[in-house]
Amino acid sequence: MTAADKPVVIAIDGPAGAGKSTVGRALADRLDVGYLDTGAMYRAMTFAALRRGVVEGDLDEVAAMAPQVELSIEDGTVTVDGVDATAAIRGREVTEAVSQISANPVVRQVLVDRQRAWVDERGGGVVEGRDIGTVVFPDADLKLYITASPRVRAERRVRELGGDVAEVEASIITRDRIDSSRAHSPLAEAADAVIVDTTGMSIDEVVARIMELLT
Ligand code: DC
């Protein structure tokens, strides 16, 4: 994007493991704009809670913590309260607790404000999560809802991180259910989102399809 172009916000939502991050990064590269992985922010908050000994289910304790947490995501490095949490936020402990932390309305408000500030500072970008097109940027230029079957999503995760497909699939289904049924900003397709089912598609095919939507 050149400085003369209109700032562009691309919102990418969808369930875990659908390929949002890979597609989002590739898209941001092609368009030469920034990329924000908001899932990493919710994971970072979860890391902070675990590190501080905050009980995930204690609404008030989590709410009191949220505004105090310092987090930065720079060039793929996630720093939480001054500690490099890049690897830990992808670990099992954080993955198991993150749905509960991200269901907390105060956590969501704190992070949504930071996500909007990130876009304001850059004048646009590709932002990926669960509620980006519905809540964070309802006026985004393009809203994508990227999905794939739970089995295919589990197979992709296992290829990346190892593990057992059936076990990962079960955990994905559980996380989808929690993310879609929570009271605050549940995972949902925006009415005007373009739905991209990546089952059986390569990343290159998905990116090519989305680039077509932008031209
Ligand atoms: O995309 P991910 O799997 O790294 O996201 C981790 C968790 O954060 C996931 O369980 C849902 C939650 N999340 C959310 O509630 N809202 C977002 N915008 C992004 C992620």
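Note that the coordinates shown come from a computational prediction; the quantities given were computed from them, not determined experimentally.

So, how was this worked out
- Residues numbered from 1 in each chain as written.
- Predicted model: local features only at pLDDT ≥ 70, side-chain atom pairs only at ≥ 80, totals over all residues.
- Heavy atoms only, no water.
- Helix = DSSP H or I, 4+ residues; strand = E, 2+ residues; numbered from the N terminus.
- Contact = heavy atoms within 4.5 Å.
- Near = heavy atom within 4 Å.
- Polar contact = N/O pair within 3.5 Å; in protein donor to acceptor, adjacent residues only side chain to side chain.
- Areas by Shrake-Rupley, 256 points an atom, 1.4 Å probe, with all protein chains shown as cover.
- Nonpolar A, V, L, I, M, F, W, Y, C, P; charged D, E, K, R; others polar.
- 1 Å grid on protein atoms, 1.4 Å probe; cavity = no way out; pocket = protein on both sides within 12 Å on 5 of 7 lines; lining within 4 Å.
- Points joined across faces, edges and corners; volume = space filled by probe spheres on them.
- Pairing = 2+ DSSP bridges.
- Buried < 20%, exposed > 50% of the residue type's maximum accessible area, 1.4 Å probe, protein only.

Asker: Would you mind going over the side chain of Thr147 in detail, with residue names and values included?
Answerer: Position of Thr147 relative to the elements: it lies in strand 7 (residues 142-147). Discounting residues that sit within four places of it in the chain, Thr147 has contacts with Pro15, Ala18, Ile195, Val196, Asp197, Thr198 and Thr199.

Asker: Pulling in residues and values, what's your account of the site of the ligand?
Answerer: Looking at the ligand, there are 15 residues lining it, with Arg43, Arg108, Arg130, Asp131 and Arg182 nearest. Arg182 places a polar side-chain atom, nitrogen or oxygen, 2.9 Å from an oxygen atom of the ligand. Its free accessible area being 450 Å², the ligand has 98% of it covered by the protein chains. Counting residues per element, the ones that place at least two in the shell around the ligand are helix 2 (38-52), helix 4 (92-102) and helix 8 (165-181). Class assignment for the residues of the shell around the ligand results in 2 nonpolar, 5 polar and 8 charged.

Asker: Pulling in residues and values, what's your account of empty space enclosed by the protein?
Answerer: One pass over the full model with this rule turns up 1 cavity of 30 Å³ or more. Volume-wise, the largest cavity comes out at about 30 Å³.

Asker: Quick one: what's the story with the pairing of strand 3 (residues 71-74), residue by residue and with numbers?
Answerer: Where strand 3 lies against strand 4 (residues 77-80), 4 bridges are found, and the strand directions are antiparallel. The residue bridging Glu74 from the neighbouring strand is Thr77, located in strand 4. Connecting strand 3 to the next strand, strand 4, in antiparallel fashion are 2 residues, including Asp75 with a positive phi near 50°.

Asker: Run through unusual backbone geometry, naming residues and quoting values.
Answerer: The backbone of Asp75 sits at a positive phi, close to 50°, despite the residue not being glycine. Note on placement: Asp75 falls in the loop between strand 3 and strand 4. The class for Asp75 is exposed, based on a relative accessible area of 83%. Residues other than glycine seldom take positive phi values, yet Ser185 does so here, at roughly 45°. Looking at where Ser185 falls in the secondary structure, it is placed in the loop between helix 8 and strand 8 (194-197).

Asker: Explain the layout of surface pockets to me, using residue names and the numbers behind them.
Answerer: One simple way to see leftover space: roll a probe sized like a water molecule over the atoms. Approximately 200 Å³ is the volume found for the second largest pocket. Along the walls of the second largest pocket sit Leu36, Met41, Leu71, Ser72, Ile73, Glu74, Arg114, Ala117, Trp118, Glu121 and Arg122, which together make up its complete lining. Going through the elements one at a time, strand 3 and helix 5 (105-122) are the ones with two or more residues in the lining of the second largest pocket. By residue number, the principal contributor to the lining of the second largest pocket is helix 5, which donates 5 residues. Residues that form the lining of the second largest pocket fall into these classes: 6 nonpolar, 1 polar and 4 charged.

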